[in-house]
Amino acid sequence: MSKRPNWDEFYLDIAKAVSKRGECKRRQVGAIIVKRHSIVGTGYNGASPGEKSCLDGACPRAESEVLPNANYAESGCHVIHAETNAMLRTSWENMQNATLYVTDEPCKDCWPKIKNTGIARVVYPGVGIYLSPPNDK
């Protein structure tokens, strides 16, 4: 029998499943927000509703040589990151003292948004970061 995953591993696995819906040709990222062991929000990197995505050929960054984590706006990227999509789909109350699980390290543009939501902890592969004392155990 395989080893039972701990909670962080379990929720990161779910975030990996969410990432499969990602609309970027270069990288698919998934995020979930968990509060009191309930998933309260999910998101993946993709275009705004009704907009063409990278998969539709709408992103000049997808075919460029720009390095990962380079300035997204300057390179023509118009997708919304997984973390932001998850936060946009989660109520303010549900983000308070919650944990954000994401399949890749948040970029420098996403960190301030995350810190402003009341999310207490961010977990991505190999890392758990407390943004404030967690009350959601």
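Look up: the structure comes first, before these words.
Residues numbered from 1 in each chain as written. Predicted model: local features only at pLDDT ≥ 70, side-chain atom pairs only at ≥ 80, totals over all residues. Heavy atoms only, no water.

Asks: Is there a simple way to think about helix 1 (residues 7–19) in this case?
Replies: Given 3.6 residues per helical turn, the α-helix brings residues three or four places apart onto the same face. Taking 1.5 Å per residue as the helical rise, helix 1 with its 13 residues ought to reach 18 Å, and the 18 Å between its terminal C-alpha atoms agrees with that figure. Of the positions making up helix 1, those classed as buried are Tyr11, Leu12, Ala15, Val18 and Ser19. Buried positions in helix 1, seen along its axis, are confined to an arc of 105 degrees and lie on one side of it. Capping the start of helix 1 is the job of one residue whose side-chain oxygen sits 3.0 Å from the backbone nitrogen of Asp8: Asn6. (Helix = DSSP H or I, 4+ residues; strand = E, 2+ residues; numbered from the N terminus. Expected span 1.5 Å × (residues − 1). Buried < 20%, exposed > 50% of the residue type's maximum accessible area, 1.4 Å probe, protein only. Arc of directions from axis to C-beta. Polar contact = N/O pair within 3.5 Å; in protein donor to acceptor, adjacent residues only side chain to side chain.)

Asks: Hey, could you run me through the environment of Gly43 in this one?
Replies: Looking at the secondary structure, you find Gly43 in strand 2 (residues 38–44). The spacing of Gly43 and Ala86 is 43 residues in sequence and 4.0 Å in space, taken between C-alpha atoms. Beyond its immediate stretch of four places on either side in the chain, Gly43 contacts Val18, Val29, Gly30, Ala31, Ala82, Asn85 and Ala86. (Contact = heavy atoms within 4.5 Å.)

Asks: What am I meant to see in the pairing of strand 2 here?
Replies: Regular strands have side chains that alternate between both faces of the sheet. Here strand 1 (residues 30–35) pairs with strand 2 via 6 bridges, running antiparallel. Paired with Ala31 across the two strands is Gly43, which belongs to strand 2. (Pairing = 2+ DSSP bridges.)

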